[in-house]
Each structure stands twice: as structure tokens, then as C-alpha cells.
Amino acid sequence: MEKVINRINQTLSEGWYINEHQFTPTSSAGIAVYPVHGNSFDSLVKKADAALYLAKAKGKGTCHFYSNY
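Remember, it's a predicted structure, so these values are computed and weren't measured experimentally.

K.L.:
Help me understand helix 2 (residues 41-58) in this model?
P.N.:
The α-helix advances 3.6 residues per turn, and as a result positions three or four apart in sequence lie on the same side. For helix 2, with 18 residues, the first-to-last C-alpha span of 26 Å sits near the 26 Å given by 1.5 Å per residue. Those residues of helix 2 that sit buried are Leu44, Ala48, Ala51 and Ala55. Along the long axis of helix 2, the arc covered by the buried residues comes to 65 degrees, so they all point the same way. The exposed residues of helix 2 that point more than 90 degrees off its buried face are Asp42, Lys46, Asp49, Tyr53, Lys56 and Ala57. At its buried positions, helix 2 is contacted by strand 3 (29-31) and strand 4 (63-65). Gly59 lies just past helix 2 and shows a positive phi near 125 degrees.

Set out below in C-alpha cells:
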């Protein structure tokens, strides 16, 4: 999973041009895994959102796996 996110971040860091303006976006990801972190969509989304909050706190272009600890 982290390899995929790292590839996405690498591609985004290369950026692109639109109307002579360069864009180099970043991304952060919060990850919750079925069924380890929950059995329902709502539960997984809530936990992924909590993990995303922690990923953003670490800085741009990061990811964080949800943890019960």
C-alpha cells in the first residue's frame, strides 16, 4: 500500500503545466484496512479520516495507517 502511495506522490511531485503555469500538488493519505480496522464502510471511513489527520500532521506527501494504539 505504501509503495502505491509513494508512486502517486512521486508522479505528483513531477508536476505539469497548464496555460504556462506549473502545478506540483502534494497528497496525504489515511489508511484503514478491511476487516482489521472495521467491517462497515462508515467505520473504515472514520478510521481512515483519523489516520489522514495524523498523516497531515507529519507533513506533505505522507501517509499513515490507522492504529488502535
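K.L.:
Looking at this model, I keep getting lost on the side chain of His37. Mind explaining?
P.N.:
Assignment of secondary structure puts His37 in the loop between strand 3 and helix 2. From its side chain, His37 meets the backbone nitrogen of Val33 in a polar contact 2.7 Å long. Setting aside anything within four residues of it in sequence, one finds His37 in contact with Ala32, Ser43, Leu44, Lys47 and Tyr66.

K.L.:
Looking at this structure, I do not really get helix 1 (residues 2-14). What am I missing?
P.N.:
The end-to-end C-alpha distance of helix 1 is 19 Å, a good match for the 18 Å that 13 residues give at a rise of 1.5 Å each. Those residues of helix 1 not exposed but buried are Ile5, Asn9 and Leu12. The arc enclosing the buried residues of helix 1, seen along the axis, measures out at 60 degrees, which places them on a common side. Among the exposed residues of helix 1, those oriented more than 90 degrees off its buried face are Lys3, Arg7 and Glu14. Check the buried side of helix 1 and you find it contacts strand 1 (16-18), strand 3 and strand 4. At the exit of helix 1 stands Gly15, carrying a positive phi of roughly 70 degrees.

Definitions and limits used
Residues numbered from 1 in each chain as written. Predicted model: local features only at pLDDT ≥ 70, side-chain atom pairs only at ≥ 80, totals over all residues. Heavy atoms only, no water. Helix = DSSP H or I, 4+ residues; strand = E, 2+ residues; numbered from the N terminus. Expected span 1.5 Å × (residues − 1). Buried < 20%, exposed > 50% of the residue type's maximum accessible area, 1.4 Å probe, protein only. Arc of directions from axis to C-beta. Contact = heavy atoms within 4.5 Å. Polar contact = N/O pair within 3.5 Å; in protein donor to acceptor, adjacent residues only side chain to side chain.

Purely geometric stuff here, so don't read any function into it on its own.
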